[in-house]
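# Examination of the molecular architecture
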Number of protein chains: 2
Amino acid sequence: MALVVQKYGGTSVANIDKIANVAKNVIRTKQEGNDVVVVLSAMAGETDRLIRLAQKAADEPDAREYDSLISTGEQVTVTLLAIMLNGLGCPAKSFLGFQVRVLTDRAFSKARILEVDTTSIRDELKKGTIVVVAGFQGVDPENNITTLGRGGSDTSAVALAAVLKADVCDIYTDVDGVYTTDPNICPKARRLDRITYDEMLEMARAGAKVLQPRSVELAKKYNVPVRIKSSFTDEGGTLVTKEGRDMEKEVLSGVTYDRDQAKITVVRVPDKPGVAARLFTPLSERNIVVDMIIQNASSDGYTDLTFTVSRKDIREATRITSEAAGAIGADKVEVDDNVAKVSIIGVGMISHSGVAAKMFQALAREGINIMMISTSEIKVSCVVEAKYTELAVTVLHDAFGLEKES
Amino acid sequence: MALVVQKYGGTSVANIDKIANVAKNVIRTKQEGNDVVVVLSAMAGETDRLIRLAQKAADEPDAREYDSLISTGEQVTVTLLAIMLNGLGCPAKSFLGFQVRVLTDRAFSKARILEVDTTSIRDELKKGTIVVVAGFQGVDPENNITTLGRGGSDTSAVALAAVLKADVCDIYTDVDGVYTTDPNICPKARRLDRITYDEMLEMARAGAKVLQPRSVELAKKYNVPVRIKSSFTDEGGTLVTKEGRDMEKEVLSGVTYDRDQAKITVVRVPDKPGVAARLFTPLSERNIVVDMIIQNASSDGYTDLTFTVSRKDIREATRITSEAAGAIGADKVEVDDNVAKVSIIGVGMISHSGVAAKMFQALAREGINIMMISTSEIKVSCVVEAKYTELAVTVLHDAFGLEKES
């Protein structure tokens, strides 16, 4: 008998019929002899509806109230699933964040889990009850409702799997696993049977939207085996674990892209200690996330500094950067929001030299100009003109032979 | 400086614009120098929407899950109002049942409040914060969410006013007070400035839908002055208190009617001890509420027994009664759902003889046949043919001169 945590996203619980499918899947898992803990998101679209209400109520909704408002979406789905399971003769009980209790810090809308009390859940599992937990939500030490940020239900599921020492955490979503790249762009994309936490993490960060990066970090930290599965079919799936595929053979796990990129260049920055801090501190103070940062080698006492931000932040980032650039005596600020980031990812590249060079060559053969490069141990990212996104992805997928099973 | 509890019903918070009106009213009350505790219902229609979802999920939704589901409606309105108040520069904080905490018994969907912890609310009031509490909900000793039954937000408001020793509990609704009768039926209906708890209680029980009877009982028990006010106008209002109007002068406070009545007669019941119990026990076991019960004087060892139930229960009540009637040897069961109850109410009638007789005469003058009569210290109710409802109300309103201020 295994303990299985199953997480279903918004599209899987979008209406009563879909919740009925979830109920069927849960009951089957239970009947196979497993203890089952289910974690649910809100119905697809519901959280957005609540956010729109909040924005109508105030331009900048109070953070505490906002979290309490948007947490109702999960309360609706967990109670409906529990009602359905009980109606089908399967004892089930829903738990909200405060009932579990999922204790978080006080950072509304991006709270981090501090502690999960497993007493009540274990008691119910012992009785044979199916436990249905509201994802995305917790309470802070003062019993204020907090939420974990977009996609936070993945984090809830992995955290529960970790503290309950579950045998597996199944994340049901609308795709049937992790692919070598986006099948919509590249028809040769292949589903991966396994992937390591680190690869998954880089993929998530580089734009693949299968799992929230925080949930992968958590899974890695507590070594929780995570399976990405389709809600619609029982076939397929990708297992995210510590051990990857045969690393000697396969160099890459995938190619990702991210169109939500804008590039800002500060031209002729005086090359003195402290200028980078003076540029980036005001951005971070306004919670603008800077992704890549490139500083060219300085020769004449001046340097160009280029960085990327999310497109939604481009106007505010430009304003803040222009002010800072003036203050530090830079020449000017150039903005380009017509760019995309293309990345190759794989633990295999650690032991294979020349991976980056092969990437650059493949792009060069197609005449794709590389504007920025950044690398990590298991990832190489290039910023290119946005119009080349699909071409770059397809070319790289081919160049590294990702369509072939190793 | 007074402490004011304000309760707004579903139509007063039906959408963002209406919530904005509530915010305005709350802020004005606060600026007049009062401490303000606001209690809200769910948006009009929202609780029904959630109930429909539950009924789609299972024929008989699990009681615990059902309460947790339908309590989300109030969570949405209190957070939206708090967001709006904060946005307007008025510090406000929402409290859910578990946050207050409103401790109830374990009777899901009809829970009774056991205890209200006022610590957090008092702390916030001391800081000048406007406190916004979700009506209708509480938690049982195991932290399960419970609800107080339809109209339970009135009870929440009065309970809070009682424990906080509020100076007044204002119930905002879509009418501007308690009338001598339904103005839709009788244009001469007059708004009462004051009414006693007992009168209000009888009115609520006799069909007037202004306040939930439980909330009036609670107000009476803790002597909470309750004001019925309109959300749309600042004029008018009715104060419900211990002391009524000048009782020497005014005999009646109002005329009410209730069309939700059906009459069941068990014909020729053997007049033996225990038969009434054998008739009514199975009904109460099925939670069917019996309103009036009339047993005619017995002469020949047989008696007729007539009682009324809510129309929605008529089918089940008839079935159960027929079974019981057979078992006790009664002749037959007759059903009439074409009836209505008309009542006159007033503490004044205690000291005025002939009130009932005057009522019967007024009805007789119009040829309205009285099928059943029941009396209490401050109420006389008659069951009449349904088609006479409006006529009976108008005639009684005239006969007792209710259009005139005393």
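Reference entry: report on the structure contained in this document.

### Thoughts on the overall build of chain A
- In terms of helices and strands, chain A carries 13 helices and 18 strands.
- Against the globule reference of 22 Å for 406 residues, chain A gives a C-alpha radius of gyration of 23 Å, in line with a compact fold.
- Dimensions of chain A, computed from the C-alpha atoms along their principal axes, are close to 75 × 55 × 30 Å.
- Split into buried and exposed, the 406 residues of chain A put 50% on the buried side.
- In chain A, 75% of the contacts between residues at least 6 apart in sequence involve partners at least 24 apart.

### Let's talk about the relation of the copies chain B and chain A
- Its rotation angle being 179 degrees, the transformation that places chain B on chain A also includes 0.0 Å of axial translation and leaves an RMSD of 0.2 Å. Each copy turns onto its partner about a two-fold axis. When C-alpha distances to the rotation axis are compared across chain B, the minimum falls at Thr72 of chain B, with a value of 2.8 Å.
- When you check the interface residues of chain B against chain A, 100% turn up at the interface there too, and the contact is symmetric in its surfaces.

### Looking at the sheet that holds strand 10 (residues 194-196) of chain A
All names here are of chain A.
- Judged by pairing direction, the sheet is mixed, and its 8 strands sit side by side in the order 3-6-2-1-9-11-12-10 without closing on themselves. Edge positions in the open sheet fall to strand 3 (92-95) and strand 10, since each of these has one partner strand only. Adjacent strand axes in the sheet meet at a mean angle of 20 degrees, parallel and antiparallel pairs treated alike.
- Judged from the 5 bridges that link them, strand 1 (residues 3-8) and strand 9 (residues 168-173) form a sheet pairing that is parallel. If you follow Val4 over to strand 9, its bridge partner there is Val168.
- In the packing of helix 8 (residues 197-205) onto the sheet, the strands contacted are strand 10 and strand 12 (238-241), and the crossing angle to strand 10 comes to about 85 degrees.

### Things to note about the interface of chain B and chain A
- The interface is formed by 27 residues belonging to chain B together with 27 residues belonging to chain A.
- For the side of chain B that touches chain A, the secondary structure elements donating two or more residues are helix 2 (46-57), helix 3 (63-70), helix 4 (72-87) and helix 5 (97-100) of chain B.
- Sorting elements by how many residues they give to the side of chain B that touches chain A places helix 4 of chain B first, with 10 residues.
- Here the residues of the side of chain B that touches chain A sort into 14 nonpolar, 9 polar and 4 charged.

### As for the nonpolar core
- Counting residues in hydrophobic clusters, the biggest one holds 246 residues, and the most contacted among them are Leu81 and Val133 of chain A together with Leu81 and Val133 of chain B.
- Per-domain counts for this core show at least three residues from each of domain 1 (3-174) and domain 2 (255-399) of chain B.
- The residues contacting Val133 of chain A, other than those within four sequence positions of it, are Val37, Val38, Val39, Val78, Phe95, Val100, Ser156 and Leu160 of chain A.

### Some details on the packing of helix 7 (residues 152-163) of chain B against helix 9 (residues 213-222) of chain B
Residues and elements named next belong to chain B.
- Helix 9 packs onto helix 7 with a crossing angle of 10 degrees between their chain directions and a minimal axis gap of 8 Å. By the angle class used here, helix 7 and helix 9 are roughly parallel. Listed contacts from helix 9 to Asp154, Thr155, Val158, Ala159 and Ala162 of helix 7 are Arg214, Ser215, Leu218, Ala219 and Tyr222.
- Taken together, the residues of the contact of helix 7 with helix 9 sort by class into 6 nonpolar, 2 polar and 2 charged.

### Considering the pairing of strand 13 (residues 254-270) of chain A
Residue and element names in this part refer to chain A.
- Of all 17 residues in strand 13, 12 are buried; the element is thus mostly enclosed.
- Sheet topology note: the strand 13/strand 16 (residues 332-345) ladder contains 11 bridges and is antiparallel. Bridging across to strand 16, Thr256 finds its partner in Ser343.
- Looking at chain direction, strand 13 and strand 15 (residues 302-309) are connected through 7 bridges and run antiparallel.

What counts as what
- Residues numbered from 1 in each chain as written.
- Chains lettered and ligands numbered in written order.
- Predicted model: local features only at pLDDT ≥ 70, side-chain atom pairs only at ≥ 80, totals over all residues.
- Helix = DSSP H or I, 4+ residues; strand = E, 2+ residues; numbered from the N terminus.
- Rg over C-alpha atoms; globule rule 2.2 N^0.38 Å.
- Buried ≥ 20, exposed ≤ 12 C-beta atoms within 10 Å, placed from the backbone.
- Contact = placed C-beta atoms within 7 Å.
- Least-squares fit on C-alpha atoms with pLDDT ≥ 70 in both.
- Pairing = 2+ DSSP bridges.
- Axes fitted to C-alpha atoms, helices over the stretch in contact; angles between N-to-C directions.
- Nonpolar A, V, L, I, M, F, W, Y, C, P; charged D, E, K, R; others polar.
- Core = buried A, V, L, I, M, F, W, Y, C linked by C-beta atoms within 7 Å.
- Domains from an automatic or database assignment.
- Parallel < 35°, antiparallel > 145°, perpendicular 65-115°, else oblique.

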